[in-house]
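For reference, the chains in residue letters:
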Amino acid sequence: MATALQRALLRYYASNHRDLPWRRTRDPYRIWLSEVMLQQTRVATVVERYDDFLSRFPDVRTLAAAREEQVCEAWAGLGYYSRARNLHAAARRLVAEHSAQLPTTADALQILPGIGRYTAGAIASIAFGEAVPAVDGNVERVLSRLLAIDAEAGSTAAKRRLWGMAAQLAACDRPGEINQALMELGATICSPRTPSCGSCPLRRYCAARAEGDPLRYPRRSRRRVERPTLRLAFLWHRTRSGVWLERRPLRGLWAGLWQLPGEEGPSARARLSRRLGARLTRRIAGVRHELSHRIVLASIYAASPPPTLPHRATLRSFAEPLGAPLSAVARRAIIAARDAGA
Ligand code: ADE
């Protein structure tokens, strides 16, 4: 028997949910793909890229048969390419060990690379109807306000209450709709800074609203951690065949992505100059880019005389560099250099 809160969520979802491509399917692969894309990318961007990816890789077997590089290419524009690599690795594992079928429970799904507690809960509830919770950033905000959770966001105590409440709500025969209703509320009505409490289907139950200050939740500590600065030096070198890019190592920051040939850290410019045997004479442009844990300051240089770059698998020219799998900083650096007329 559903509670009043569950009924309010189901009613809200039935008449208000957005018509999104992954909501028109019951195919677990397509739902899995949507959840992985949505982990770190906005809905509007995912909508633009989702069908294209699926037309290239319509099912688990096609994805598993592709080369990793092809999967990363199809991921262009979505960022955080480790997700594409994990998706590909998971598809290969499913083909090798699971007859290309996704496991149907959240516990079993979490064994796959790239599937954590949230994504496992989302897939299991939406695709397989398992009554399990799925708490992402949006759901965290909705439930922190609903319950006026005083524990600091991200703390063990807060997580225990959030997942506990989400599990109670999902305990019904339409867990996928309950979970998506919570996501939808967080994405539309219960926004971080300007929640529309007047039109919220949960307003009668919301403890934060009763207190009068929903923005107080989720509680964040005031301590602002200073983010360290990472300095990058990039070379802008265009020849008749295109712009030179180099591939980063497969481990570490921006693993396996392409960028302008570059060095990072102290004396990045001098080290880049030495490695390429080129004099980096002119600074063409700069980019400031914020990551969650550091601020990146990139300078883009031209060399004269033009360097002769060695042919290596990790260094080649791209006629359309923005089509390569790039880190966000590299993408912005290319655009900045072009804008500067280079
Ligand atoms: N964000 C994460 N999963 C989602 C979904 N299924 N629908 C809308 N937004 C989401």
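Note that the structure is a prediction, hence the values are computed from the model and not measured.

Peer 1: Help me understand the site of the ligand in this model?
Peer 2: By nearness alone, every residue bordering the ligand is listed as W22, R23, E35, L38, Y118, I126, Q180 and M183. R23 places a side-chain nitrogen or oxygen 2.9 Å from a nitrogen atom of the ligand. Measuring from a nitrogen atom of the ligand, one finds a side-chain N or O atom of Q180 at 3.0 Å. Mapped onto the shell around the ligand, the elements with two or more residues apiece are helix 2 (28–38), helix 8 (117–128) and helix 11 (175–188).

Peer 1: Explain the nonpolar core here, please?
Peer 2: Inside soluble globular proteins, nonpolar side chains tend to come together where they are buried. In this structure, W32, F53, W75, L143, L202, L260 and I300 are the most contacted members of the largest nonpolar core, which totals 103 residues. At seven residues, the largest contribution of residues to this core is made by helix 8. Two domains each put at least three residues into this core: domain 1 (2–216) and domain 2 (229–339). Among the nonpolar cores identified, the runner-up in size contains twelve residues, and L272, A278, Y301 and L315 belong to it.

Peer 1: Is there a simple way to think about the packing of helix 9 (residues 137–147) against helix 10 (residues 156–170) in this case?
Peer 2: Each pair of packed helices gets described by two things: the angle between the helix axes and the distance between those axes. Orientation of helix 9 relative to helix 10, taken along the N-to-C sense of each, is 95 degrees, at an axis distance of 10 Å. Put simply, helix 9 runs roughly perpendicular to helix 10. Contacts between helix 9 and helix 10 pair E140, L143, S144, L146 and L147 from the former with R161, L162, M165, A166 and L169 from the latter. When its residues are assigned to classes, the contact of helix 9 with helix 10 shows seven nonpolar, one polar and two charged.

Peer 1: Is there a simple way to think about the domain arrangement of the chain in this case?
Peer 2: Accessible area lost during the coming together of the parts is what is often quoted as the interface size. On domain assignment, one finds that the chain holds domain 1 (2–216) and domain 2 (229–339). Taking only C-alpha atoms, the centre of domain 1 and the centre of domain 2 are 35 Å apart. At the junction of the two partners, domain 1 supplies eight residues and domain 2 supplies eleven residues. At the boundary of domain 1 with domain 2, total buried surface from both sides reaches about 580 Å², with 47% on carbon and sulfur atoms. The largest share of the area that domain 1 buries against domain 2 comes from E69, Y81 and R85, three residues that together contribute 67% of it. At the surface where domain 1 touches domain 2, the tally comes to two salt bridges. Run the count over domain 1 and domain 2 and you get one residue pair in polar contact (both at pLDDT 80 or more).

Peer 1: Even after reading the chapter, I still don't get the packing of aromatic side chains, so can you show me in this structure?
Peer 2: Each aromatic ring pair is characterised by the separation of its centres together with the angle its planes make. If you walk through the whole model with that rule in mind, you get five aromatic pairs. Measuring from ring centre to ring centre gives 5.7 Å for F53 and W75, while their planes differ by 85 degrees; the resulting arrangement is edge-to-face. Taken together, the residues F53 in helix 3 (residues 43–56) and W75 in the loop between helix 5 (68–74) and helix 6 (82–97) connect sequence positions 22 residues apart. For the pair formed by F53 and W75, the shared burial category is buried. Pairing W258 with F318 gives two aromatic rings, centres 5.0 Å apart and planes at 65 degrees, and the pair type is edge-to-face. With W258 in strand 4 (residues 258–259) and F318 in strand 8 (residues 315–318), this pair connects stretches of sequence that are 60 residues apart. You'll find W258 and F318 in the same group, each marked buried. One Lys or Arg, R117, reaches over the ring of W163 and ends 3.8 Å from the middle of that ring.

Peer 1: I'm lost on the pattern of salt bridges in this one. Help?
Peer 2: A side chain of one charge can pair with a side chain of the opposite charge when the charged atoms of the two come close. Summed over all chains, the structure comprises 20 salt bridges. Among the ionic pairs, R219 bridges to D150, the shortest N-O distance being 2.6 Å. Taken together, the positions of R219 in the loop between helix 12 (207–211) and strand 1 (229–235) and D150 in the loop between helix 9 and helix 10 put the pair 69 residues apart, joining distant regions of the chain. R219 sits in the partly exposed class, given a relative accessible area of 29%. Accessibility expressed as a relative area gives 45% for D150, which makes it partly exposed. When the shortest N-O distance is used, the salt bridge between E246 and R275 registers 3.0 Å. Note that E246 is positioned in strand 3 (residues 242–247) and R275 in helix 13 (residues 268–276), a separation of 29 residues in sequence. Judged by relative accessible area, which is 35%, R275 ranks as partly exposed. Overlapping salt bridges, with partners in common, bring together D150, E211, R216 and R219 in one network.

Peer 1: What is the right way to look at the side chain of S327 in this model?
Peer 2: Locating S327 in the fold gives a position in the loop between strand 8 and helix 14 (328–339). A polar contact of 3.1 Å, which involves the side chain of S327, links it to the backbone nitrogen of A330. Excluding its chain neighbours within four sequence positions, the residues that come into contact with S327 are W254, L257 and W258.

Peer 1: Would you take a moment to explain the packing of helix 2 against helix 8 for this structure?
Peer 2: Where helix 2 contacts helix 8, the two axes come as close as 9 Å, and the packing angle between them is 145 degrees. Taken as a pair, helix 2 and helix 8 cross one another with a handedness that is right-handed. Counted together, P28, I31, W32 and E35 of helix 2 and Y118, T119, A122, I123, I126, A127 and F128 of helix 8 form the full contact between these two elements. Taken together, the residues that form the contact of helix 2 with helix 8 break down as nine nonpolar, one polar and one charged.

Peer 1: Looking at this structure, how should I read unusual backbone geometry?
Peer 2: With the exception of glycine, most residues fall at negative phi, and the peptide bonds are largely trans. Following Y217, the chain continues into P218 via a peptide bond in cis, with omega recorded as -10 degrees. Backbone torsion omega between S304 and P305 reads -5 degrees, so that peptide bond is classified as cis. Following the sequence through the fold, P305 ends up in the loop between strand 7 (295–303) and strand 8. The phi angle at Y80 is positive, at roughly 45 degrees, despite the residue not being glycine. Note on placement: Y80 falls in the loop between helix 5 and helix 6. Even without being a glycine, A100 presents a positive backbone phi close to 65 degrees.

Reading the values: rules and limits
- Residues numbered from 1 in each chain as written.
- Predicted model: local features only at pLDDT ≥ 70, side-chain atom pairs only at ≥ 80, totals over all residues.
- Heavy atoms only, no water.
- Near = heavy atom within 4 Å.
- Polar contact = N/O pair within 3.5 Å; in protein donor to acceptor, adjacent residues only side chain to side chain.
- Helix = DSSP H or I, 4+ residues; strand = E, 2+ residues; numbered from the N terminus.
- Core = buried A, V, L, I, M, F, W, Y, C linked by side-chain atoms within 4.5 Å.
- Buried < 20%, exposed > 50% of the residue type's maximum accessible area, 1.4 Å probe, protein only.
- Domains from an automatic or database assignment.
- Axes fitted to C-alpha atoms, helices over the stretch in contact; angles between N-to-C directions.
- Parallel < 35°, antiparallel > 145°, perpendicular 65-115°, else oblique.
- Contact = heavy atoms within 4.5 Å.
- Nonpolar A, V, L, I, M, F, W, Y, C, P; charged D, E, K, R; others polar.
- Buried area = accessible area lost by both parts, 1.4 Å probe.
- Salt bridge = Lys/Arg side-chain N within 4 Å of Asp/Glu carboxyl O.
- Phe/Tyr/Trp six-rings, centres within 6.5 Å; stacked < 30°, edge-to-face > 60°.
- Lys NZ or Arg CZ within 6 Å of the ring centre and 35° of its normal.
- Left-handed = near helix turned anticlockwise from the far one by under 90°.

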